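One-letter residues, chain by chain:
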Amino acid sequence: MSEEQSYIKKCLQRIEEQLGWGTSDSWHNDMFVELSERIQQETKVLLSPVTLKRVWGRIDYKSAPSITTLNTLAQFAGFQNWRDFKGHIPEKNSSGVAKKIRANLGIITLSASIMTLVFISFYSLRGPAPAKEPIDISKVVFTSRPITKGLPNSVVFDLDLDEINSDSIRIQQYWDPKKTIDLNPGQKQATGQYYFPGYFRAKLLVDGKAIKQHDLFITTEGWLGTLDYRPIPKYFKSEKIHKGNLAFPVKAIEEITSSKKPVTSTFHMVKDFETISGDDFELRSTLKNTYRDKWAVCQNAQIIVLGTKGAMVIALGIPGCSSELWVMMNDTYVDGKEQDLSGLALDLSETKEIRVRVEERKLNVSLEGQTLFTGSYNESIGRIAGLRYRFLGAGEVHQSILSDLKGETAISFLEEIR
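So, here's what we can say about the structure. Keep in mind the model is a prediction, meaning the values are calculated, not measured.

In this section: the state of the cysteines. According to the stated counting rule, one finds one disulfide in the structure shown. The disulfide partner of C298 is C321, and the S-S distance across this bridge is 2.0 Å. The sign of the S-S torsion, about -70 degrees, decides the handedness of the disulfide formed by C298 and C321: left-handed. Note that C298 is positioned in the loop between strand 11 (280-289) and strand 12 (301-307) and C321 in the loop between strand 13 (311-316) and strand 14 (326-329), a separation of 23 residues in sequence. There is no split in this pair, since C298 and C321 are both buried.

Pasting the structure below:
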């Protein structure tokens, strides 16, 4: 490992410790998406999920990270830039210490061999540890039910753990491994808190392994607006944002414009669309960006389609920021730093109708009949479970019409009764 690679590894370790999400080997797509958003909020620089996956070695990529990427990661880790980070990393052990170790290597090796024989003899006398009886999964109960409608929401988990003999029993509420609930043997119920709507996978963990899991659906009542503060967002109910179109009230806009740090705002519609597949649909959205100053100069916006098995995200921004754009099609990422995504670079200071059409897992994004982007993916998104429109700063949605490709189902969300 080169010296520069060693520094990169240490920087990534610091970020992992700072996040507390567990080892990066267990991170999946959604976690890299959230990390991208957090980095942008802290540093005002967008590193796409694809870039982050490359840096963490989750995507095979031979080129070294750019200095812009390294500076941004160092800032997120709490330093001024990459040079500052390297300057604060302690030097390796001196050569004198290394020489002493080498000089005594024979003694160290002999001592280690003796200790190994002692431990082997000790454990041989004790005998092997008794094996745990296998868990009868069919007798373990693990179900859930939301307490109310809307957000925030508490969820009650009903349990029967009599078959489990372990001191480590937890519920993982969704993909984030640190969002867990510790359980006691024999416990019959537990509750969890949810601040964002979505389609989650709850897991029952025994000794760190998932033995049961199920889908957990936190829906919205009509449209829900959020200013996406972490961990608790600020909510705006449907009647506050839905008046012929979707727009945040004046006080929310004032709060966004007065913020020195980047603020994202999102419109959510999360419900189960039983008849519409996430692999065959058309979504017509008319968007407008309403705040473009300071950290929001790129007019970043996202169209997000939630599925029961995955998600699709289409990032938009002005032509001068096309390098920062990206598209996520469930298991497939396209990065504007590697491919020309200038077709998705739009000036949203005026309303524009963007069509998202997916047919047999092939995506086509178009504007006024002109194709902006095409791509395909492999793993099914499942049926559609919700829509999100997200803006760095603030924006408006003047039309949102979802339909299947057979013409049998067409839903205009902005015309729904609130």
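With that settled, the discussion passes to the environment of I401. Tracing the chain through its elements places I401 in strand 20 (residues 395-403). A relative accessible area of 14% means that I401 is categorised as buried. In this structure, the C-alpha to C-alpha distance between I401 and E282, residues 119 residues apart in sequence, is 8.1 Å.

Strand order in the open sheet formed by eight strands is 9-8-10-19-12-13-14-15, with antiparallel pairing between adjacent strands. Because the sheet does not close on itself, it has two edges, and the strands there are strand 9 (234-236) and strand 15 (332-335). Each strand of the sheet is rotated relative to its neighbour by a mean of 15 degrees, with strand direction disregarded. In this structure, strand 8 (residues 224-227) lies alongside strand 9, joined through three bridges in antiparallel fashion.

Turning next to the packing of aromatic side chains. Within the structure shown, the criterion is met by 16 aromatic pairs. Look at W82 and F85: their rings are 5.3 Å apart centre to centre, the planes differ by 20 degrees, and that puts the pair in the stacked class. Taken together, the positions of W82 and F85, both in helix 5 (residues 82-88) and three residues apart, correspond to about one turn of that helix. Taking relative accessible area as the criterion, F85 reaches 0% and is therefore assigned buried. Ring geometry for F236 against F248: centres 5.4 Å apart, planes inclined by 85 degrees, an arrangement best described as edge-to-face. Of this pair, F236 sits in strand 9 while F248 sits in the loop between helix 8 (238-241) and helix 9 (250-258), and the two are 12 residues apart along the sequence. With relative accessibility at 8%, the residue F248 sits in the buried group. In textbook terms, an aromatic cluster arises when at least three aromatic residues are bridged by ring pairs, as seen for W21, W27, F32 and W56.

Conventions and cut-offs
Residues numbered from 1 in each chain as written. Predicted model: local features only at pLDDT ≥ 70, side-chain atom pairs only at ≥ 80, totals over all residues. Heavy atoms only, no water. Disulfide = S-S within 2.5 Å. Helix = DSSP H or I, 4+ residues; strand = E, 2+ residues; numbered from the N terminus. Buried < 20%, exposed > 50% of the residue type's maximum accessible area, 1.4 Å probe, protein only. Pairing = 2+ DSSP bridges. Axes fitted to C-alpha atoms, helices over the stretch in contact; angles between N-to-C directions. Phe/Tyr/Trp six-rings, centres within 6.5 Å; stacked < 30°, edge-to-face > 60°.

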